[in-house]
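Breakdown of the fold
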Amino acid sequence: MLFGFHWDTGHGELVFAWSILPMLLRGLVVTIEASIVGFFIALVIGLIFAVLKDVPLKIISYPAYVITEFFRDTPLLVQLFFLYYVLPDYGIILPAFLTGALALGIQYSAYTAEVYRAGIEAVPKGQHEAAKALDLTASLTFTHIVLPQAVPRVVPAMGNYLVSISKDVPVLSVVTVLEMLNVAKIIGDQTFDYLVPLSMVGGLYLILTIVASAAVRWVDAKLPKTGVPMR
Amino acid sequence: MSEPIIVFEDVVKSFGSHVVLDKLNFTVAPGEKVTIIGPSGSGKSTVLRILMTLEKINQGVITVGGEPLWHERKNGALVPASEAHLRTMRKIFGMVFQQFNLFPHMTVLRNITEAPTAVLGLSKKEARERAEELLEMVGLADQAQKFPRQLSGGQQQRVGIARALAMRPKIMLFDEPTSALDPELVGEVLNVIAKLASEHDLTMLLVTHEMRFAREVSDRVCFFDRGKIKEEGKPQELFTNPKEERTREFLRAVLEG
Amino acid sequence: MHWTEYLPPLLQGAWVTVELTVYSTILGAVCAFAFGIGKLSRNWAIKGFSIVYIEIFRGTSLLVQLFWLYFALPIAGDLIGINLRLPPVAAGVLALGLNIGAYGAEVVRGAIQAVRPSQYEAAKALNFTAQQALWRIALPQAIPEMMPAFGNLAVQNLKDTALASLISLGDLAFRAEQVRNFTQDSTTVYSMILLMYFGMALVLTAIMRLLERSVGRWRGARS
């Protein structure tokens with residue numbers, strides 16, 4: 001029994017599959033939640049690193065560069081274990097879900113930082129010059145001129161990373177987060193039928209990634225190429 | 001006159017709704033050097049590309065050396081050509097492109113020997129000898145080991161000519177061979193083409209804007225306009241005394257510009 | 001225990017990680033070319049199969065694929081009467097290779113399609129067959145374009161090998177778990193393997209860059 005649902009192993013594969021579907025769907029919800037939270041954390045941390053990497057002071061930009069490389073080049077699983085086991089030793093106790101989302105956010109912050117930089121760099125120099133000529137402050141230039149124009153270039157890549165994050169969520173099962181794969185594994189452990197649950201998870205993932213990718217393309221199409229409209 | 005080596009019969013070619021060749025009738029005699037001139041969009045390059053089997057035709061029949069090009073004879077009827085038939089017919093032609101299209105990852109020598117070894121089955125030694133002869137002929141014997149990016153446009157085009165000749169085609173097609181070159185480099189390429197024209201009895205079809213050159217080298221000049229041959233004749237006649245108003249207009253615009 | 005005493009088991013694990021990475025990257029490269037070129041085939045059976053392979057392995061989670069091959073495949077095998085029980089090594093290499101191969105296939109396909117059409121025309125004019133044009137003209141020009149993306153995929157593959165520890169494969173992550181369970185010294189152990197993975201990634205990146213340069217030698221100085 002899981003999430004209050006019972007599986008039915010006595011009446012053949014199809015009935016079994018149908019009976020575990022509600023459990024897997026609950027797991028899917030957790031998967032989606034973890035993806036979104038992890039994504040937002042990646043967006044925030046990535047933005048911080050993107051800004052730090054751009055600071056003219058080598059003392060700040062260089063470590064920022066090294067740290068993002070470190071996040072990018074080490075496995076998510078190990079980062080997750082590190083957070084899960086090391087943080088409590090220093091008094092920080094987070095629920096498993098948040099630890100997992102934090103690990104996802106850290107792993108992907110390296111990638112989102114790059115996307116920010118590419119997007120910002122793609123805004124034509126002429127825009128900066130025009131802003132300067134109009135005497136706009138640096139922060140106004142950034143928030144009202146550069147950022148809105150960087151967004152369309154950034155959305156497709158960020159959207160793809162959101163989809164990638166969702167495919168990394170199963171790693172969180174090692175710290176007991178009840179996402180889809182974990183649910184399937186528990187069902188398999190208890191019924192000895194791994195084939196049906198794992199295949200269903202595969203199918204659900206295909207649907208998830210297809211829908212999510214289509215959604216990203218839709219948002220990208222809706223967004224005007226010139227930037228977020230500002231009236 | 002002996003049997004024509006190329007015959008276009010009522011050939012129609014369109015790209016979508018845009019008709020580029022409009023019931024074209026055109027013949028070329030063996031060994032003839034024909035220059036095709038005309039405004040852009042008149043179908044000149046398309047004629048060459050169709051012969052090189054890079055483009056299909058929509059209607060009509062093209063015969064090359066007595067054999068249909070884009071069709072084959074099956075049980076007495078003409079059916080669309082199979083790839084095998086096209087490959088047989090392709091052997092007759094060699095093409096020189098406006099953008100040279102050399103293989104950037106191969107040396108000059110390799111560019112020339114690759115097809116003879118891979119397609120004609122020549123041994124490495126034979127192909128190399130043939131390539132060195134041709135490089136000598138186009139004046140690039142000492143550039144054999146260079147890569148295309150290390151050569152000027154004129155040099156690259158001369159390699160392109162050598163590469164096409166290495167396959168010993170019977171008919172050479174030149175698609176605006178000097179249009180992509182800086183003016184100073186045009187002469188060296190035209191010299192090679194002129195040499196080819198005078199020393200070999202290759203049939204040559206040349207699409208170009210170089211009118212003076214066309215005059216020197218051609219046996220016949222065809223003026224194409226809107227997918228049909230508007231006027232054709234010996235260069236001396238067509239250039240000095242064009243019969244059609246359209247031809248006159250075109251020549252005036254080109255020679256003044 | 002002193003951290004240096006952790007080194008022997010960890011280094012053993014690191015070696016397994018290296019082996020895993022090498023084998024799965026090779027499998028991945030083979031799949032990438034086979035299915036990347038396959039997706040461009042005019043034979044609809046080959047093309048369809050390639051598309052299905054790419055969509056499945058890119059559209060689902062690697063861990064799911066790994067668990068499926070290790071836990072579910074044997075059951076499927078039993079249903080049809082073949083013994084499909086893969087040892088952890090085989091399941092690991094297979095899952096990693098097929099997964100990275102699907103991403104690689106898209107890189108291969110994209111790079112081949114990016115070769116200028118005029119190159120194909122020149123090849124046709126010289127009467128190369130379509131096969132000859134692909135292998136002698138298109139691929140040599142496409143491969144340098146693929147290298148940067150391949151470099152990223154190789155490092156990604158290295159990181160992904162850590163997941164094999166979850167099916168009891170004795171790689172670096174697995175050994176780290178063992179040592180941690182024994183010593184409860186989480187901070188030291190995990191810091192060590194994080195650094196070791198980082199080091200391996202840097203070496204791998206350097207190797208890929210060398211490869212990139214040697215494969216693109218004919219391109220000369222490029223910005």
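Residues numbered from 1 in each chain as written. Chains lettered and ligands numbered in written order. Predicted model: local features only at pLDDT ≥ 70, side-chain atom pairs only at ≥ 80, totals over all residues. Heavy atoms only, no water.

Each helix and strand in chain C was counted, giving 8 helices and 0 strands. For chain C, the C-alpha atoms occupy an extent of roughly 70 × 55 × 20 Å along the three principal directions. The 223 residues of chain C split such that 52% are buried. Taking all contacts inside chain C whose residues are at least 6 apart in sequence as the whole, residues at least 24 apart take part in 76%. As displayed, chain C offers around 10300 Å² of accessible surface, 66% of which is attributable to carbon and sulfur atoms. Taken as two groups, the 17 positive and 12 negative side-chain charges of chain C have centres that lie 14 Å from each other. (Helix = DSSP H or I, 4+ residues; strand = E, 2+ residues; numbered from the N terminus. Buried < 20%, exposed > 50% of the residue type's maximum accessible area, 1.4 Å probe, protein only. Contact = heavy atoms within 4.5 Å. Areas by Shrake-Rupley, 256 points an atom, 1.4 Å probe, with all protein chains shown as cover. Lys, Arg positive; Asp, Glu negative; His and termini not counted. Charge placed at Lys NZ, Arg CZ, Asp CG, Glu CD.)

Taken together, the contact between chain C and chain A spans 38 residues of the former and 36 residues of the latter. For the pairing of chain C and chain A, the buried interface totals around 3100 Å² over both sides, and the portion due to carbon and sulfur atoms is 76%. When the buried area of chain C at its contact with chain A is split by residue, C:K159, C:L194 and C:F198 rank highest and sum to 20% of it. Counting the contacts that link chain C with chain A gives 0 salt bridges. Taken together, the elements giving at least two residues each to the side of chain C that touches chain A come down to α2 (44-59), α3 (62-80), α6 (130-160), α7 (172-183) and α8 (186-215) of chain C. Ranked by the residues each element gives to the side of chain C that touches chain A, the list is headed by α8(C), at 11 residues. Split by residue class, the side of chain C that touches chain A holds 25 nonpolar, 8 polar and 5 charged. (Buried area = accessible area lost by both parts, 1.4 Å probe. Salt bridge = Lys/Arg side-chain N within 4 Å of Asp/Glu carboxyl O. Nonpolar A, V, L, I, M, F, W, Y, C, P; charged D, E, K, R; others polar.)

Here we come to the interface of chain B and chain C. Contact residues are listed per partner, giving 25 residues for chain B and 21 residues for chain C. Between C:E121 and B:R49 there is a salt bridge, with its nearest N and O atoms 2.5 Å apart. Linking chain B with chain C are 9 residue pairs in polar contact (both at pLDDT 80 or more), by the criterion used here. Among the elements of the structure, α2 (83-90), β8 (93-96), α3 (108-118) and α5 (153-165) of chain B are those that each provide at least two residues to the side of chain B that touches chain C. The greatest single-element share of the side of chain B that touches chain C, amounting to 3 residues, is contributed by α3(B). Looking at the side of chain B that touches chain C residue by residue, the classes come out as 15 nonpolar, 3 polar and 7 charged. (Polar contact = N/O pair within 3.5 Å; in protein donor to acceptor, adjacent residues only side chain to side chain.)

Let's shift gears to the environment of B:S198. Residues and elements named next belong to chain B. Mapped onto the fold, S198 is located in helix α6 (residues 183-199). A relative accessible area of 61% means that S198 is categorised as exposed. Sequence separation of S198 and K124 is 74 residues, and the distance between their C-alpha atoms is 30 Å. At 3.2 Å, the side chain of S198 and the backbone oxygen of K195 are in polar contact.

Let us now look at the packing of helix α3 (residues 76-89) of chain A against α8(C). Interhelical geometry of α3(A) versus α8(C) gives an angle of 155° and a closest axis separation of 9 Å. On the basis of their axis angle, the class for α3(A) and α8(C) is roughly antiparallel. Judged by the twist between their axes, the crossing of α3(A) over α8(C) is left-handed. Note on element contacts: α8(C) touches α3(A) through C:S186, C:T187, C:Y190, C:S191, C:I193, C:L194 and C:Y197, opposite A:V78, A:Q79, A:F81, A:F82, A:Y85, A:V86 and A:D89. Counted by class, the contact of α3(A) with α8(C) contains 9 nonpolar, 4 polar and 1 charged residues. (Axes fitted to C-alpha atoms, helices over the stretch in contact; angles between N-to-C directions. Parallel < 35°, antiparallel > 145°, perpendicular 65-115°, else oblique. Left-handed = near helix turned anticlockwise from the far one by under 90°.)

We now examine the packing of aromatic side chains. Under the counting rule described, the total for this entry stands at 21 aromatic pairs over all chains. For the pair A:Y84 and A:Y85, a centre-to-centre distance of 5.2 Å together with 75° between the ring planes defines the contact as edge-to-face. A:Y84 gets classed as partly exposed once you look at its relative accessible area, which sits at 27%. With a centroid separation of 6.1 Å and 45° between ring planes, the pair formed by C:F35 and C:F49 is classed as tilted. One end of the pair, C:F35, is in helix α1 (residues 3-39); the other, C:F49, is in helix α2, and 14 residues separate them in sequence. By relative accessible area, C:F49 is classed as exposed at 56%. Here the aromatic residues A:F81, A:Y84, A:Y85 and C:Y190 are joined through ring pairs into a cluster of three or more. Looking at B:K13, its charged tip hangs above the ring of B:F15, at a distance of 4.7 Å from the centre. Stacked on the ring of B:F103, the Lys or Arg B:R163 has its end atom at 4.6 Å from the ring centre. (Phe/Tyr/Trp six-rings, centres within 6.5 Å; stacked < 30°, edge-to-face > 60°. Lys NZ or Arg CZ within 6 Å of the ring centre and 35° of its normal.)

Just geometry here; none of it tells us what the structure is for.
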